[in-house]
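What follows is the residue order along each chain.
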Amino acid sequence: MALDSPTPIAPYDAPVKDLYDIGEMPPLGHVPAKMHAWAIRRERHGEPDTAMQLEVVETPSIDSNEVLVLVMAAGVNYNGIWAGLGQPISPFDGHKAPYHIAGSDASGIVWAVGDKVKRWKVGDEVVVHCNQDDGDDEECNGGDPMYSPTQRIWGYETPDGSFAQFTRVQSQQLMPRPRHLTWEESACYTLTLATAYRMLFGHEPHELKPGMNVLVWGASGGLGSYAIQLINAAGGNAIGVISEEDKRDFVMGLGAKGVINRKEFNCWGQLPKVNTPEYKDWFNEARKFGKAIWDITGKGNNVDIVFEHPGEATFPVSTLVCKKGGMVVICAGTTGFNCTFDVRYLWMHQKRIQGSHFAHLKQASAANKLMLERRLDPCMSEVFPWAEIPAAHMKMYRNQHKPGNMSVLVQAPTTGLRTFEDALEARRG
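Residues numbered from 1 in each chain as written. Predicted model: local features only at pLDDT ≥ 70, side-chain atom pairs only at ≥ 80, totals over all residues. Heavy atoms only, no water.

As named in an unreviewed UniProt entry, the protein is Crotonyl-CoA reductase, taken from Paracoccus haematequi.

K.L.:
Where do I start with the packing of helix H5 (residues 190-201) against helix H11 (residues 361-372) in this structure?
P.N.:
Between two packed helices, both the angle of their axes relative to each other and the distance between the axes serve to describe the pair. Running from N to C, H5 and H11 point in directions that differ by 115°, and their axes come no closer than 9 Å. As H5 runs across H11, the sense of the crossing is right-handed. Where H5 abuts H11, its residues Leu-193, Ala-194, Tyr-197 and Arg-198 lie against Gln-363, Ala-364, Ala-366, Ala-367 and Met-371. Of the residues assigned to the contact of H5 with H11, the class counts are seven nonpolar, one polar and one charged. (Axes fitted to C-alpha atoms, helices over the stretch in contact; angles between N-to-C directions. Helix = DSSP H or I, 4+ residues; strand = E, 2+ residues; numbered from the N terminus. Left-handed = near helix turned anticlockwise from the far one by under 90°. Contact = heavy atoms within 4.5 Å. Nonpolar A, V, L, I, M, F, W, Y, C, P; charged D, E, K, R; others polar.)

K.L.:
Teacher, can you tell me more about the environment of Thr-414 here?
P.N.:
As for its placement among the helices and strands, Thr-414 is situated in the loop between strand E17 (405-409) and helix H13 (420-428). Measuring from C-alpha to C-alpha, the distance between Thr-414 and Pro-385 comes to 7.9 Å, with 29 residues separating the pair along the chain. Ignoring anything within four residues of it in the chain, the contact list for Thr-414 reads Glu-184, Leu-409 and Ala-426.

K.L.:
How should the nonpolar core be read in this particular structure?
P.N.:
Side chains of nonpolar character tend, in soluble globular proteins, to be buried together. Core analysis: the largest hydrophobic core is formed by 104 residues, its most contacted members being Phe-163, Leu-174, Phe-307 and Phe-420. For this core, the element with the most residues is strand E3 (residues 66-75), which contributes eight residues. In this structure, this core is formed jointly by two domains, domain 1 (34-188 + 378-428) and domain 2 (194-355), each of which donates at least three residues. Excluding anything up to four places from it in sequence, Phe-163 contacts Ala-37, Trp-38, Met-52, Ala-74, Gly-75, Ile-101, Ala-102, Gly-103, Trp-386, Ile-389, His-393 and Val-408. (Core = buried A, V, L, I, M, F, W, Y, C linked by side-chain atoms within 4.5 Å. Buried < 20%, exposed > 50% of the residue type's maximum accessible area, 1.4 Å probe, protein only. Domains from an automatic or database assignment.)

K.L.:
Even after reading the chapter, I still don't get unusual backbone geometry, so can you show me in this structure?
P.N.:
In terms of backbone geometry, most residues other than glycine have negative phi values and most peptide bonds are trans. Omega for the peptide link from Gln-87 to Pro-88 comes to 0°, which places this bond in the cis form. Turning to its location among the elements, Pro-88 is positioned in the loop between helix H2 (78-85) and helix H3 (92-95). The residue after Glu-204, namely Pro-205, is reached through a cis peptide bond having omega 5°. Inspection of the secondary structure puts Pro-205 in the loop between H5 and strand E10 (213-216). Phi at Phe-358 takes a positive value of approximately 40°, unusual for a residue other than glycine. Tracing the chain through its elements places Phe-358 in the loop between strand E15 (352-355) and H11.

K.L.:
Can you help me understand the layout of surface pockets in this one?
P.N.:
The rolling of a water-molecule-sized probe over the atoms marks out the regions of remaining empty space. By volume, the second largest pocket amounts to about 280 Å³. Taken together, 15 residues form the lining of the second largest pocket, with Arg-287, Trp-294, Asn-302, Leu-320 and Val-321 sitting closest to its centre. Residue assignment for the lining of the second largest pocket shows that the elements contributing at least two residues are helix H8 (277-297), helix H9 (315-321) and strand E14 (322-330). Taken together, the residues of the lining of the second largest pocket break down into seven nonpolar, three polar and five charged. (1 Å grid on protein atoms, 1.4 Å probe; cavity = no way out; pocket = protein on both sides within 12 Å on 5 of 7 lines; lining within 4 Å. Points joined across faces, edges and corners; volume = space filled by probe spheres on them.)

K.L.:
Can you help me understand H5 in this one?
P.N.:
Along an α-helix, residues three or four apart share an orientation, since each turn contains 3.6 residues. For H5, spanning twelve residues, the distance from its first C-alpha to its last is 16 Å, which sits close to the expected 16 Å at 1.5 Å a residue. Counted residue by residue, H5 has eleven buried out of twelve residues, so it is predominantly covered. Burial in H5 covers these residues: Thr-190, Leu-191, Thr-192, Leu-193, Ala-194, Thr-195, Ala-196, Tyr-197, Arg-198, Met-199 and Leu-200. (Expected span 1.5 Å × (residues − 1).)

So this is what it looks like as structure tokens:
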């Protein structure tokens, strides 16, 4: 299938001003002095509806290798909640800026480019991946940029994320936007998809291969929904774990080989002290969970890879049910950071515990190509208007969000729009 071809933005009339309303488009390439943003400040760290407040701030200036993007829509991720709470660390401890704009996913339009930027021009429609680095060390030049000492996550470890009319990014963060998707669909997937891609394909020799069995925690969520699709596309067998029975059909529809409801078992949380009655009870219950996996994979077939991100609540079980020589790969700790496990099953069975953190450009681009080629569904669940960005994060914080990925509108005035011209027309209407 041929990929969608980019077309230039048609000329349009717009006034030159220093500040524009949300959804109001400046002349192409005109950078106003000010912009609207949802800002976090250190003194109001707390839940998202307290931490995030509307402010008018200066539009970021760009360096020679940077790009200013007009944000049409943005994605909602858990790091926006962390930024608001100031946990596990405050973003201000890193970037030292007076305020923080969260948001690590965006779709938008290149609005200004630095004088050394060659791959992108004003008017290009893009999605943004969230890895930044300084580009001048060994890992960035022949190694793995995710190991660079300058590696940081845009919108979490930088103060200039996507919950604003404009955002400043490095030119290497940009990738072509899938034009068959709406602005909000384009904005919802890059962080979770690229993270899932690196977890499954980025840690040799344990890369996902056809026929492998993979246990996927949180299978109906943002990360899990892409993990299921990637495993299925690669010829593997995804075993999805859910917490609510009404999510079963959604996960099976993504291509899972089978689904397990963790509410049917009682082996969650930190590991009891080994060789105590409590440990025996936990072990028996964890074995029942392992039996549920065998009911899907076949007796004796433990999983080759465990796709971990809950952390504290699930990690003891993950390290138990992983096969000999297999890998538990973890990218987060949404249920807590104090992970425990029975180390005997680690060394005796020679299992690997692998940390994984987002993805570099080549991995993000490989994942994005699958979306460009329409091989993946963005699994967008809900879209929120600009005024409800804190509410969207509160919904995620309370685990009340629907299966899939959430988006918020920024400059796109309404949902369902696929071009800049669509947005202009909707605004006039």
